[in-house]
Amino acid sequence: MAELLGQGMRADGYAVDVAFDGLRGLELAQSGEYAAIVLDLMLPGLSGYRVCEELRRAENPVSILMLTAKNGEYDEVDALDCGADDFLSKPFSYPVLTARLRALVRRGARGRPAVLSAGDLRIDPAARRCTVGEQQIRLTGKEFGVLECLARRVQQAVAKGEILDAVWDSNFRGDVNIVEVYIAALRRKLTAAGAGCAIETVWGIGYRLVPLAR
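Naming follows an unreviewed UniProt entry, where the chain appears as Response regulator transcription factor of Kitasatospora kazusensis.

Next comes the structure, spelled out in structure tokens:
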């Protein structure tokens, strides 16, 4: 099930890391910044309850969607009590799961803005939508991910490696310079849309999204 969910979400344009036990899941959650976590209640090594409790104890604000047993009323109560933001009982449909995830990301982790902006550009990570005024900019999944990564740190230099970690999954073993291909495509699309912002190259580091002077 974990493999199928990962494949489906990657096909929808998300960067996904998959863990098959609670210990590895907790390790990933503590070492990276995620928009949301789908956490199964029944995991080997460390239960979903324990993973959730450890993250909340460490004041990690990531949104958590807990998968619980069929008709597991007490499981659902315990999931919310231990810090999960939402739950979904098995069996479930994939469209419902992704809709719940979009809602969680839209609300955002505590203190995280739901809509990002730079210049006239507006990025809605939950809806996977990028606009300038009423005009929607058509982006591929990877282009959207790269732009979102930069927009979360407007006017800050973001290393190529950090972009790879945020947009490609942890199994990516390709050339780090693939980021340049997507940066070039984004620059063309932002310019064509009159987005009022630009992606600058920070030599020796990576890239920076900056609003343009009026």
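Anyway, onward from the coordinates.
> Give a description of the pairing of strand β1 (residues 36–40) that names residues and reports values.
A regular strand carries its side chains on alternate faces of the sheet. Here 5 bridges tie β1 to strand β2 (residues 63–68), and the two strands are oriented parallel to one another. Within β2, the position partnered with A36 by the bridge is S63. As for the winding sense of the linkage, the β-α-β connection from β1 through helix α3 (residues 48–57) to β2 is right-handed.

> An account of the sheet that holds β2 is requested, with residue identities and associated values reported.
With parallel pairing, 3 strands are arranged side by side in an open sheet as β1-β2-β3. Edge strands, defined here as strands with exactly one partner in the open sheet, are β1 and β3 (86–89). Neighbour to neighbour, the strand axes of the sheet diverge by 25 degrees on average, direction disregarded. One ladder, built from 4 bridges, connects β2 with β3; its direction is parallel. Along β3, the bridge assignment pairs T68 with S89. The sheet contacts of α3 involve β1 and β2, and relative to β2 the element is tilted by about 165 degrees.

> Give a description of the state of the cysteines that names residues and reports values.
This model, assessed by the stated rule, comprises 0 disulfides. Left without a disulfide partner, C149 is nearest to the cysteine sulfur of C130, which lies 14 Å away.

> Which residues make up the pattern of salt bridges, and what values do they have?
For the structure shown, the criterion picks out 11 salt bridges. The shortest N-O distance in the salt bridge between E27 and R24 comes to 3.3 Å. Of this pair, E27 and R24 both sit in helix α2 (residues 22–31), separated by 3 residues, roughly a single helical turn. Each of R128, E148 and R152 takes part in salt bridges that share partners, so that together they form one network.

Cut-offs used in this document
Throughout, residues of each chain are indexed from 1 in the direction in which the sequence is written. Restriction of local features to residues with pLDDT of at least 70 applies here, the model being predicted, together with a cutoff of 80 or more for giving and counting side-chain atom pairs; totals for whole chains, interfaces and linings are based on all residues. By convention in this description, side-chain values take in all heavy atoms of the structure and omit both hydrogens and water. Only when DSSP finds a minimum of two bridges between them are two strands counted as paired. Only DSSP runs of H or I with at least four residues qualify as helices, and only runs of E with at least two residues qualify as strands; both kinds are numbered from the N terminus onward. With strands facing away from the observer, any crossover in which the path from the first strand over the helix to the second runs clockwise is taken as right-handed. Each axis is a line fitted through C-alpha atoms, and for a helix only the stretch in contact is used; angles between axes span 0 to 180 degrees, taken between their N-to-C directions. Residue contacts follow a heavy-atom distance rule, with two residues in contact if any of their heavy atoms lie within 4.5 Å. Whenever a pair of cysteine sulfur atoms sits within 2.5 Å, that pair is classed as a disulfide. Definition used for salt bridges: Asp or Glu carboxyl oxygen within 4 Å of a side-chain nitrogen of Lys or Arg.

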